Every structure is written in C-alpha cells, then in structure tokens.
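The lines below spell out each chain.
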Amino acid sequence: MEDELNLLLAVDTSTRTIGLALYDGVQVLAEMSWQTQNHHTVELAPALESLFQRSGVRPRDLAALAVARGPGSFTSLRIGMAVVKGLALALRLPVVGVPTLDFLAAAQPVLETPLAAVLQAGRQRLAVGWYTAVNGRWQAQGDAEVMNGEELTARIHTPTYVCGELNAEERQMLARKRKNVILASPAQSFRRPAYLAELAWERWQAGQMDEVIGLAPIYLHVAGEIPG
C-alpha cells in the first residue's frame, strides 16, 4: 500500500458551501460538496468519516493537509481551520493554506479579460478578488475587497469575467451589463475542493507549507464592525 500513502486531504468551510477532497497528485480520489444551514460543527466530522470510508482511506494514510483560508464567514472558517490543525498536530502532517478565491479562480477558463471571483461575505456583502492571466494562469491583483452587488456592478467598466457565489438578484444586476460582464454559469461558479487540493499539492511539492499553529484565516473587516 506504500504507493497509496501520498495523499492530500483538502477542507473548505469558507461559507455555507462545505467541500472535502482527497488527491494524490495524479487523480482526485474523492470529492464532496454541499450547502449547510450553518451546521458546520455537526456536519464536518461525519462527512470526513464518510469520505474516508468510501475511499478506503484511513487518517494515517494522509501525507499532507490543505485548508481554505478565506475570506468567508468568521465562524465557519474557524471550524475548518480547527479541524485541519487538529489533524495536523495529531498526525504530524504538513499543512498548506490557500486563499479561497484563488482556487475558485483556478477552476475558471483562462481568458484575455480580467476575472472577478466572488463569494458571499454575509449581510448582503460580497468578497471580491480581482485576477489577470499571467503565463496561462490566473494571478491575484492585490487583496480581496468587500462590496455589495451594486458596487461590484458599478466597478466593472471593461469586459470582465465574473464567477462565484451570487444570488439571483446579484446575477440579474450583473447580467444587465452584458457588454462588459461575462457571467459564469452557476455550475462553473460552484467552488470545488478538488482545485483547492490541486493548488495545495503544487505548493506542498514546492516546499511551501505553513506553520500549523500560526496559520490564520483571511478575514475582511469593515471599518467599525466586529467580525461575527
């Protein structure tokens, strides 16, 4: 079984969408994604157990861990981070933290136009990351920003590909700017943990691991507001 031990487990709890994936550098062995009604704490551990059972994998078979760092929900990010840190310390495994919008962007077709990757930030706000194509890959341009759907729509003045978590009203608003907004379909916008695993694998193989205790989520604060 030694050839099967080089496994990476990826965990994403950035928003209500939870994702898990097992990856060995050659193929995605398993992937689970679902929307929770803010029940991250009670759903995550059983889902991990189910993932292992269906794949015939034991926790001790893992060689590395990946976790989505956010931005996202303050509480849900902490839950995913705590589970991954617990596994890392118990099993003495390396951890790679990946910004959530980075692996959402990695799943998109590479175009000549810039990309806006979006996820829900709570209270009718969006976390938005801006990307441009560099050497055939999406590369982040600065830090993610917080804005609402109207502000995002107003910021787009040239053809821009937009993907990610958007509700019906936000999609409709953006679709009105069809000259400048290339709107990804809902399926293309769905965040997949397999891409988190793939990016983390590359960084792990390159020796770009994170210090487990010091690894922290990326939070986007609004001035004068206490995160919750």
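For clarity, every value in this text was computed on a predicted model and none was experimentally measured.

Novice: Please give an account of the packing of aromatic side chains that cites residues and values.
Specialist: Summed over all chains, the structure comprises three aromatic pairs. Ring geometry for Y23 versus W201: centroids 5.6 Å apart, planes at 85 degrees, classification edge-to-face. Here Y23, found in strand β2 (residues 17–23), pairs with W201, found in helix α7 (residues 193–205); they are 178 residues apart in sequence, far enough to count as distant. For Y23, a relative accessible area of 8% gives the class buried.

Novice: Which residues make up the nonpolar core, and what values go with them?
Specialist: Grouped together as the largest cluster of nonpolar side chains are 27 residues, with contacts concentrated most on L9, L20, L22, L62, L65 and V95. Breaking this core down by element, the ones donating at least two residues are β1 (7–12), β2, β3 (28–35), α1 (40–55), β4 (62–68) and α2 (74–91). Once residues within four sequence positions are removed from consideration, L9 is found in contact with A21, L22, L48, L51, F52, L62, A64, L65, A66 and L87. With 17 residues, the next largest nonpolar core counts A63, A66, A68 and L196 among its residues.

Novice: So what's going on with α1? Residues and values would help.
Specialist: Taking 1.5 Å of rise per residue, the 16 residues of α1 would be expected to cover 22 Å, and the 22 Å separating its terminal C-alpha atoms lies within 8% of that figure. Residues H40, L44, A47, L48, S50, L51 and F52 constitute the buried set of α1. Phi for G56, located one or two positions after α1, is positive at around 70 degrees.

Novice: Just give me the short version of the environment of E202, but keep the residues and values in it.
Specialist: Considering the arrangement of structural elements, one finds E202 in helix α7. Measuring from C-alpha to C-alpha, the distance between E202 and G25 comes to 8.5 Å, with 177 residues separating the pair along the chain.

Novice: Explain the environment of M32 to me, using residue names and the numbers behind them.
Specialist: By the element assignment, M32 lies in strand β3. Residue class for M32 comes out buried when judged on its relative accessible area of 19%. Each C-alpha atom of the pair M32 and R203 lies 22 Å from the other, and the pair is 171 residues apart in sequence. Non-local contacts of M32, meaning those with residues more than four positions away in its chain, are made with I18, G19, L20, A47, L51 and P193.

Novice: Before we move on, could you go through the pattern of salt bridges and cite the residues and values that matter?
Specialist: This model, assessed by the stated rule, comprises seven salt bridges. Linking D12 and R191 is a salt bridge whose minimum nitrogen-to-oxygen distance equals 2.7 Å. Placement of the pair is D12 in strand β1 and R191 in the loop between α6 (186–189) and α7, with a sequence separation of 179 residues. Comparing D12 with R191 shows no difference in burial state: the two are buried. The shortest N-O distance in the salt bridge between R58 and D61 comes to 3.1 Å. Judged by its relative accessible area of 34%, R58 is partly exposed.

Novice: Could you give an account of the sheet that holds β4, naming the residues involved and the relevant values?
Specialist: The mixed open sheet is built from five strands, whose spatial order is β3-β2-β1-β4-β5. Strands at the two margins of the open sheet, each flanked by one partner only, are β3 and β5 (95–98). Strand-to-strand, the axes of this sheet are offset by a mean angle of 15 degrees, without reference to chain direction. As defined by bridge partners, β4 adjoins β5 across four bridges and the pair is classed as parallel. If you follow V67 over to β5, its bridge partner there is G97. Each of β1, β2, β3, β4 and β5 is contacted by α7, which is oriented at about 130 degrees to β1, the strand it contacts most.

Novice: Hey, could you go over the pairing of β5 for me, with residue numbers and the actual values?
Specialist: Every regular strand shows the same layout, with side chains that alternate between the two sheet faces. On β5, burial covers both faces: V95 and G97 on one face and V96 and V98 on the other are all buried. Handedness of the crossover is the feature at issue here: the chain leaves β4, passes through α2, returns alongside β5, and the resulting connection is right-handed.

Novice: Residues and numbers for the confidence of the model for the chain, please.
Specialist: Overall, the predicted model of the chain reaches an average pLDDT of 92, with 94% of residues at or above 70. Below a pLDDT of 50 lies the segment residues 223–228, which in the model reaches six contacts outside its immediate sequence neighbourhood of four places, other chains included.

Rules behind the numbers
Residues numbered from 1 in each chain as written. Predicted model: local features only at pLDDT ≥ 70, side-chain atom pairs only at ≥ 80, totals over all residues. Heavy atoms only, no water. Phe/Tyr/Trp six-rings, centres within 6.5 Å; stacked < 30°, edge-to-face > 60°. Helix = DSSP H or I, 4+ residues; strand = E, 2+ residues; numbered from the N terminus. Buried < 20%, exposed > 50% of the residue type's maximum accessible area, 1.4 Å probe, protein only. Core = buried A, V, L, I, M, F, W, Y, C linked by side-chain atoms within 4.5 Å. Contact = heavy atoms within 4.5 Å. Expected span 1.5 Å × (residues − 1). Salt bridge = Lys/Arg side-chain N within 4 Å of Asp/Glu carboxyl O. Pairing = 2+ DSSP bridges. Axes fitted to C-alpha atoms, helices over the stretch in contact; angles between N-to-C directions. Right-handed = clockwise from strand over helix to strand, strands pointing away. pLDDT = per-residue confidence, 0-100.

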